[in-house]
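The lines below spell out each chain.
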Amino acid sequence: MRNALLPLAALLTGCTDLTGIWLFQIPYQESTAGCDTSVAENFSEGYVPAEGEATVGEWLYTEDYEGTDAIAFGQIETYGKDQAILVLGTAVYPGTKDGKSWIFEWVNDETSQTKEEHYQGAAVDYGYLAEETSVSTTTYTFDMEGKKQATVKVESTGTSTVHWFESDEWPDEVAAEIGSSGQIPSSSYLVYDDAGDSYSQYNDYDVDDCQGNVCEILVETTCSDDGEFIAYKTDYNEEDYYEHMQGAGQ
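Now for a description of the structure that goes with this document. Here the residue numbering is sequential within each chain, running from 1 through the sequence in written order. Totals for whole chains, interfaces and linings use every residue, but because this is a predicted model, local features are given only for residues with pLDDT of at least 70 and side-chain atom pairs only at 80 or more, for both listing and counting. Only hydrogens and water are removed before side-chain values are computed, so all heavy atoms of the structure are retained for them.

The subject of this paragraph is the overall build of the chain. By the criteria applied, helices consist of DSSP H or I runs no shorter than four residues and strands consist of E runs no shorter than two, each listed in order from the N terminus. Counting secondary structure elements, the chain contains three helices and 11 strands. In the chain, the order of α-helices and β-strands from amino to carboxyl end is α-β-β-β-β-β-β-β-β-α-β-β-β-α. In this analysis, two residues are considered to be in contact whenever any of their non-hydrogen atoms come within 4.5 Å of each other. By sequence separation, contacts in the chain at least 24 residues apart represent 73% of the contacts at least 6 residues apart. Only carbon and sulfur atoms are counted for the fraction: they give 46% of the accessible area of the chain, which is about 15100 Å². The Shrake-Rupley method, run with a 1.4 Å probe sphere, supplies the accessible areas, and residue values consider only the shown protein chains as cover.

Here you go:
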């Protein structure tokens, strides 16, 4: 178990006319994080199995945990009209003023690709492609309550997508190098039925497993979390103080 808000709190701070070093008091609470995953595919017989229910028989298992509050330090500096930066450690988050609130936000967007092709003369007789993308957004809304206190609302969302493509069939000489069931991870997500039993779905090199000449699987996972805590402006006014305090906390 953990203090659910501490990782989020480690990224937060203040307001333009209140630049300086802030103390964050983070109450312990269970994480509100949740994720949803969807799978799309074009296998002819494979399908995503329903999520099963756990069976515990006559046993009943329970677990409970309570943690203490956490504290951390952060710093704010302005750099233009209604513009500021939020700093903690080596992380920097740009912010803008919205009415009486300050909103600090950072969007991280990454894309990667792995591609393999086998040629027979000028023709491709086997191809494999894996594309991965991830987009995450973290937003901190800083609502002032007087000159030395603020309520901080934290929201984070992230979406990761993996899209696999692989030839439905390929020749024996290619199978001798990469295997007879290919590289697309269909067995991790799909099953097929045979005589009333379910079996893992593979992309076999000598079987027409998919609709069309290319097998596809698209897995998308979206996660979100949120929290709230109180921030207090400290009397530390020198920037050198923060260099010493930025890693401090409980």
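Now that the structure is up, let's keep going.
Before going further, it helps to examine unusual backbone geometry. The phi angle at Asp82 is positive, at roughly 55 degrees, despite the residue not being glycine. Position of Asp82 among the secondary structure elements: in the loop between strand S3 (70–80) and strand S4 (83–88).

Turning next to a negative patch on the surface. Together, Glu169, Asp172, Glu173, Glu177, Asp206 and Asp208 give the surface a local cluster of negative charge. For the exposure calls, accessible area comes from a 1.4 Å probe over protein chains only, and a residue counts as buried if that area is under 20% of its type's maximum, exposed if over 50%, partly exposed in between. Take Glu173: its relative accessible area is 41%, and that puts it in the partly exposed class. Residues form patches when they are more than 30% accessible in relative terms and have no salt bridge. Like charges link within 9 Å. Nonpolar side chains (Val, Leu, Ile, Met, Phe, Trp, Tyr) link within 5 Å. Whenever Lys or Arg places a side-chain nitrogen within 4 Å of a carboxyl oxygen from Asp or Glu, that contact is recorded as a salt bridge. For this count, His and the chain ends are skipped, Lys and Arg are scored as positive, and Asp and Glu as negative. Every charge is mapped onto a representative atom, which is NZ of Lys, CZ of Arg, CG of Asp or CD of Glu.

Moving on: the packing of aromatic side chains. Here is the rule: rings of Phe, Tyr and Trp (six-membered ring for Trp) pair when centre to centre is within 6.5 Å. Planes less than 30 degrees apart are stacked, more than 60 are edge-to-face, and the remainder are tilted. Tallying each qualifying case throughout the model produces eight aromatic pairs. Arranged with centres 5.0 Å apart and planes meeting at 85 degrees, the rings of Trp22 and Phe142 form a pair that is edge-to-face. Of this pair, Trp22 sits in strand S1 (residues 20–26) while Phe142 sits in strand S7 (residues 123–144), placing them 120 residues apart in sequence. With relative accessibility at 0%, the residue Phe142 sits in the buried group. Ring geometry for Trp170 versus Tyr205: centroids 6.4 Å apart, planes at 40 degrees, classification tilted. Of this pair, Trp170 sits in the loop between strand S8 (149–167) and helix H2 (172–178) while Tyr205 sits in the loop between strand S10 (197–200) and strand S11 (214–233), and the two are 35 residues apart along the sequence.

For the coordinates displayed, the defined rule picks out two salt bridges. Glu117 is paired through a salt bridge with Lys115; the nearest N and O atoms lie 3.8 Å apart. When its relative accessible area of 41% is taken as the criterion, Glu117 is described as partly exposed. Between Lys148 and Asp235 there is a salt bridge, and its shortest N-O distance comes to 2.9 Å. With Lys148 in the loop between S7 and S8 and Asp235 in the loop between S11 and helix H3 (239–245), this residue pair connects regions lying 87 residues apart in the sequence. Classification of Asp235 by relative accessible area gives exposed; the value is 63%.

Once that is clear, we can look at the state of the cysteines. Only a pair of cysteine sulfur atoms within 2.5 Å qualifies as a disulfide here. Per the counting criterion, the structure on display carries two disulfides. Each sulfur of the disulfide joining Cys210 and Cys215 lies 2.0 Å from the other. Note on the Cys210 and Cys215 pair: the S-S dihedral is about 105 degrees, so by sign convention the disulfide is right-handed. Here the chain pairs its bonded cysteines, counted in sequence order, in the arrangement 1-4, 2-3.

Before going further, it helps to examine the pairing of S3. For S1 and S3, the ladder comprises seven bridges, and the chain directions are antiparallel. In the sheet register, Trp22 faces S3, and the bridge partner there is Gly74. Only when DSSP finds a minimum of two bridges between them are two strands counted as paired. In the sheet, S3 pairs with S4 via five bridges, with the strands oriented antiparallel. Pairing of Gln75 across the sheet is with Val87, part of S4.

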